[in-house]
Amino acid sequence: MEFVEGIREKEVLELPELLERTESDGEIFVEGAVHSIRNMGEIAFVILRKRDGLLQTVWEEGKTELSVADLKEGDCIRAAGMIRNEERAPHGKELRLTSVEILSSPAAPLPLAVDKWKLNTSLETKLNLRPISLRNVKERARFKIQEGVCRGFREFLYSRGFTEVHTPKIGAKGAEGGSNLFKLSYFHKPAVLEQSPQFYKQMMVGVFDRVFETGPVFRAEKHNTRRHLNEYTSLDLEMGYIDSFLDICGMETGFLQYTMDLLEREYAKELKILGVKLPETRKIPHVRFSRAKELAAEKYGRKIRNPYDLEPEEEELIGQYFKEECGADFVFVTHYPSKKRPFYAMDDPEDERFTLSFDLLFRGLEVTTGGQRIHDYNMLMGKLEKRGVSREGMEQYLDTFKYGMPPHGGLGIGLERLTMQLLGEDNVREACLFPRDMNRLEP
């Protein structure tokens, strides 16, 4: 009888290991996909695409066993060779090939020139051919940075005593209310795709005090704009025993500071590829909703048309105002009108027309919504009754408060929007691996 006892080590090297090797180390082995071939006759430069970047290898006539004519872009190969210093190569080193084994070969030519520095094609084409377009160095760099954002969120919250949870995405009732729900039949019963893990993460505050989740959420909004998706990834946290909603703002500020340091330290290569300048996070201003609208109107001469919400142009002007006045890339807009917030939002005891809630704007775009929640059972039931909201489908959620909950609050961050603004992209779909919007269900 045979057993598997752990990782099966291979003799092939990954890029970081390879770059530590010297010319005296002898023959080494690598695997990768042929990214491009530049045939010069007696020699050819075969660029391999590996998980950590590109590696320049050199085919030499009479020294490499396989003919370069047998290689093509998209081949997956295992190669052997000698490492050599070459300042003109990526990373300052190249592999002089002695042998090449083709592991697999494409059945058709690549539909996109993924070896080019920039894909000269439309966004629609890139999305239609997403598994191929992401092989481009710049395209995939976006999602390494997005990985860093998620990693920063997790690592920071773990360090602050949060427990990661995983909540259902099929529910009986949406957390936010309203009609923007995807409805489905669940074994002949009505159900919805969850707009948010809101109810569940609040319930789990009564268990772990501090919880977080990263997962998909669904919004059946008929928007077809550069900033909206119908499925996106939400970075959610909820924390108990808070003194103020500003505790939530402080936790997000800490996350942003930690994550920008992480990106600068461990994702410098991708930041350089994309020319990203990281935002200022040392301190983030906060301003009341009504005052933010007034400041933008006064400075830029824009009439206030909607007293209860921020229009996209207003968000941009508020972001511009705080960049010009404070050098700030982020701003917390606080105390949103109660009528524009869900029933569970805590009203401001000094003025119940407003809530102890906030949005975080990043370079003029909302990327976060959060605030303090109602934790008192009688207060929660009173607000439900005042708004005429049905309790159907929320019984277990409401029972949680009947049996005691601490003062708490939380937030949800749109991962794709945050990535979009971080990278300076014009369309949120550039920051989504496989976007889902009104017109797209594939790939």
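Predicted, not measured: the structure shown is a model, and the values here were computed from it.

Student: Got a minute to help me understand helix α8 (residues 289-300) in this structure?
Tutor: Every α-helix winds through 3.6 residues per turn, so residues three or four apart in the chain are directed the same way. For α8, which comprises 12 residues, the first-to-last C-alpha distance of 17 Å matches the rise-based estimate of 16 Å (1.5 Å per residue) to within 8%. All of the buried residues in α8 are Phe289, Ala292, Lys293, Leu295, Ala296 and Ala297. Just beyond α8, the residue with positive phi is Gly301, at close to 65°.

Student: Is there a simple way to think about the environment of Met203 in this case?
Tutor: The topology assignment puts Met203 in helix α5 (residues 198-208). C-alpha of Met203 to C-alpha of Asp399: the two residues are 196 residues apart in sequence and 9.5 Å apart in space. Here Met203 is in contact with Gln396, Tyr397 and Thr400, once residues within four sequence places are set aside.

Student: Any chance you could explain the environment of Pro342 here in plain terms?
Tutor: Note on placement: Pro342 falls in the loop between β13 (330-334) and β14 (347-348). A relative accessible area of 16% means that Pro342 is categorised as buried. Placed 101 residues apart in sequence, Pro342 and Tyr241 show a C-alpha to C-alpha distance of 21 Å.

Student: Any chance you could explain unusual backbone geometry here in plain terms?
Tutor: The phi angle of most residues is negative, glycine excepted, and most peptide bonds adopt the trans form. The omega torsion across Glu442 and Pro443 is -5°, close enough to zero to call that bond cis. Tracing the chain through its elements places Pro443 in the segment after α12 (415-423). Within the chain, His91 stands out as a residue other than glycine whose phi angle is a positive 70°. Note on His91: relative accessible area 41%, which makes it partly exposed. Not every positive phi belongs to a glycine, and Tyr241 is a case in point at roughly 60°. Tracing the sequence through the fold places Tyr241 in the loop between β11 (231-240) and α6 (246-266).

Student: I tried to follow helix α10 (residues 377-387) on my own but got confused; where do I start?
Tutor: What α10 keeps buried is the set Leu380, Met381, Lys383 and Leu384. Buried residues of α10, viewed axially, fall in a sector of 160°; they line one side. Opposite the buried face of α10, at more than 90 degrees from it, the exposed residues are Asn378, Glu385 and Lys386. On its buried face, α10 sits against β14 and α11 (395-402). The positive-phi residue at the C-terminal boundary of α10 is Gly388, with phi of around 70°.

Student: I keep staring at the side chain of Asp347 and nothing clicks. Help me out?
Tutor: Here Asp347 shows up in strand β14. Looking at Asp347, its side chain comes within polar contact range of the side chain of Lys383, at 3.0 Å. For Asp347, the contacting residues outside a window of four places in its chain are Ser338, Glu352, Phe354, Thr355, Leu356 and Lys383.

Student: When you look at the nonpolar core in this model, what are you seeing that I'm missing?
Tutor: Buried together is how nonpolar side chains tend to be arranged in soluble globular proteins. Counting residues in each nonpolar core, the largest one holds 58 residues, and the members touching the most others are Leu237 and Phe255. Once residues lying within four places of it in the same chain are set aside, the contact partners of Leu237 are Phe153, Leu157, Phe162, Lys201, Val211, Phe212, Met251, Gly410 and Leu411. In this structure, Leu15, Leu18, Ala44 and Leu55 belong to the second largest nonpolar core, which totals 20 residues.

Student: Explain the sheet that holds strand β2 (residues 43-50) to me, please; I cannot follow it from the model alone.
Tutor: The strands that make up a sheet pair up through hydrogen bonds in the backbone, lying either parallel or antiparallel. With mixed pairing, five strands are arranged side by side around a closed barrel as β1-β2-β3-β5-β4. For this sheet the average axis-to-axis angle between neighbouring strands, irrespective of direction, equals 55°. Examined bridge by bridge, strand β4 (residues 76-85) and strand β5 (residues 93-104) share 10 bridges and lie antiparallel to one another. Along β5, the bridge assignment pairs Met82 with Arg96.

Student: I'm lost on the sheet that holds strand β9 (residues 189-193) in this one. Help?
Tutor: Spatially, β7-β9-β8 is the arrangement adopted by the three strands of the open sheet, whose pairing is antiparallel. If you trace the sheet from one side to the other, it starts and ends with β7 (170-171) and β8 (183-186), each paired once. Bridge count for β8 against β9 is four bridges, and the pairing is antiparallel. From the neighbouring strand, Ser185 faces β9, where its bridge partner is Pro190.

Student: What is the right way to read the pairing of β2 from this model?
Tutor: Side-chain positions along a regular strand alternate between the two faces of the sheet. Judged by how many residues are buried, β2 sits mostly within the fold: seven of eight residues are covered. Summarising the sheet, strand β1 (residues 27-39) and β2 pair through six bridges and their orientation is antiparallel. Paired with Asn39 across the two strands is Ala44, which belongs to β2. Counted along the chain from β1 to the antiparallel partner β2, the turn is three residues long, and its residue Gly41 has a positive phi close to 105°. Connecting the antiparallel pair β2 and strand β3 (residues 53-60) is a turn made up of two residues.

Rules of the game
- Residues numbered from 1 in each chain as written.
- Predicted model: local features only at pLDDT ≥ 70, side-chain atom pairs only at ≥ 80, totals over all residues.
- Heavy atoms only, no water.
- Helix = DSSP H or I, 4+ residues; strand = E, 2+ residues; numbered from the N terminus.
- Expected span 1.5 Å × (residues − 1).
- Buried < 20%, exposed > 50% of the residue type's maximum accessible area, 1.4 Å probe, protein only.
- Contact = heavy atoms within 4.5 Å.
- Arc of directions from axis to C-beta.
- Polar contact = N/O pair within 3.5 Å; in protein donor to acceptor, adjacent residues only side chain to side chain.
- Core = buried A, V, L, I, M, F, W, Y, C linked by side-chain atoms within 4.5 Å.
- Pairing = 2+ DSSP bridges.
- Axes fitted to C-alpha atoms, helices over the stretch in contact; angles between N-to-C directions.

Nothing here speaks to function; it is all geometry.
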